[in-house]
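# What the coordinates show
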Amino acid sequence: MNTLLNADLHCHSVISDGTLTPEALAQRAKANGVELWALTDHDELGGQDRAIAAAREAGLAYLTGVEISVTFAGTTVHIVGLGMDHQHPALLSGLHATRGGREERAREMSDGLARVGITGVYEGALKYVGNPELISRSHFARYMVEIGVCKDISEVFRKYITEGKPGFVPHRWASLANAVGWITESGGEAVIAHPGRYKLTPNEEFALFTEFKAHGGRGVEVMTGAHGQADYVKYAGYCQEFGLAASRGSDFHSPEESHTDLGKLPDLPGSVTPVWALLESRIQQ
Ligand code: AMP
Ligand code: MN
Ligand code: MN
Ligand code: MN
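Keep in mind that what you see is a predicted model, and the values were worked out from it rather than measured.

Moving on: the sheet that holds strand β7 (residues 219–224). Overall, mixed pairing links the five strands, which are arranged β4-β5-β6-β7-β8 in an open sheet. Strand pairing shows two members of the sheet lacking a second neighbour, β4 (65–72) and β8 (245–249), which therefore form its edges. Going across the sheet, the axis of each strand differs from the next one's by a mean of 40°, ignoring polarity. Note: strand β6 (residues 189–192) against β7, two bridges, orientation parallel.

Below, the structure written as structure tokens:
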């Protein structure tokens, strides 16, 4: 298992906030040269059986996956799980609890937007939702682009639905200990997703990596669509410093919205241990 494998271990389907089905993602991954794939929907395993079947059909090696929303140091951090038993009861009930509250949060977001004159966003966003338990800010953003409030998704996030903006509603997600615990108890490995995206102070970031390790986390995304060259170098260094394996995943959501396609990231640097080396027995051929 080498660092040069074209692994893509982070993407989203219509089961969370992606726009493609698990089947379409499997075909796209195969066409783009992916050799090892994982579907990592937010807080949800409902797409795993379809992804496993579609990967087998496409002749693509597969790892089960999920991306868990965590509240850490007052902000949201994402933890990817790979290679779990996707029917494990503790994992399923933990994710079910994590999804709870999205509906109420969405109604409050819509109320906040109505107060600045943008009405009916909750109802409009529902058109884009594939899974009623997983209404996400991405669905709000798609609808607000449709009605012409903003020219693109990133403008919606910037002006309306990030911290301090009228449609933002703070929410308490899973704890770091629980998220890592559910993943490892169900036989998987936990990975810190896109660390370069978080607005943590250096002390908070150190605490995140230290506590993650202490809870049994084993990996960090070095190559992801959200990172640039400086992040690649920085987090490859963290792999050495914290004794973590490195992961690689595009975080692909949609052909129209994602600037990094499945399988199109640079290779992992040769200095790291790839996370798939820890997961060989979990790979489904
Ligand atoms: P939620 O889990 O409902 O808070 O939504 C988070 C999702 O919104 C992330 O998984 C991304 O897909 C998307 N997202 C977050 N920030 C941005 C941004 N600045 N631009 C575009 N999409 C974003
Ligand atoms: Mn997302
Ligand atoms: Mn994420
Ligand atoms: Mn993601």
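So much for the structure itself; the text now carries on.
Think of it this way: four donors in a tetrahedron around the metal ideally sit 109.5 degrees apart, and six in an octahedron ideally sit 90 or 180 degrees apart. Listed as protein donors to the manganese ion (ligand 4) are His-10 (NE2), His-12 (NE2), Glu-67 (OE) and Asp-251 (OD); their distances from the metal cover 2.1 to 2.2 Å. All donors of the manganese ion (ligand 4) come from a single chain, and their spacing in sequence reads H-x1-H-x54-E-x183-D. Between the manganese ion (ligand 4) and the manganese ion (ligand 2), a separation of 4.6 Å is found. Taken together, the residues span a long stretch of sequence, with His-10 in the loop between β1 (7–8) and α1 (22–31) and Glu-67 in strand β4 at a distance of 57 residues.

Strand order across the open sheet formed by three strands is β1-β2-β3, with parallel pairing between neighbours. Pairing within the sheet leaves two strands with one partner each, and these edge strands are β1 and β3 (61–62).

Listing the buried residues of α1 in full gives Pro-22, Leu-25, Ala-26 and Ala-29. Down the axis of α1, the smallest arc covering the buried residues is 100°, so these residues share one side. Turned more than 90 degrees off the buried face of α1, the exposed positions are Gln-27 and Ala-31. If you follow the buried residues of α1, they end up packed against β2 (36–37) and α2 (48–58).

Distances from the manganese ion (ligand 3) to its protein donors, Glu-67 (OE), His-78 (ND1) and His-194 (NE2), fall at 2.1 to 2.2 Å. The two metals, the manganese ion (ligand 3) and the manganese ion (ligand 2), are separated by 5.6 Å. Taken together, the residues span a long stretch of sequence, with His-78 in strand β5 (residues 75–82) and His-194 in the loop between β6 and α9 (202–214) at a distance of 116 residues. As far as burial versus exposure is concerned, His-78 and His-194 are alike and both buried.

The rules we used
- Residues numbered from 1 in each chain as written.
- Chains lettered and ligands numbered in written order.
- Predicted model: local features only at pLDDT ≥ 70, side-chain atom pairs only at ≥ 80, totals over all residues.
- Heavy atoms only, no water.
- Pairing = 2+ DSSP bridges.
- Helix = DSSP H or I, 4+ residues; strand = E, 2+ residues; numbered from the N terminus.
- Axes fitted to C-alpha atoms, helices over the stretch in contact; angles between N-to-C directions.
- Donors = N, O, S within 2.8 Å, 3.2 Å for Na, K, Ca; no water.
- Buried < 20%, exposed > 50% of the residue type's maximum accessible area, 1.4 Å probe, protein only.
- Arc of directions from axis to C-beta.
- Contact = heavy atoms within 4.5 Å.

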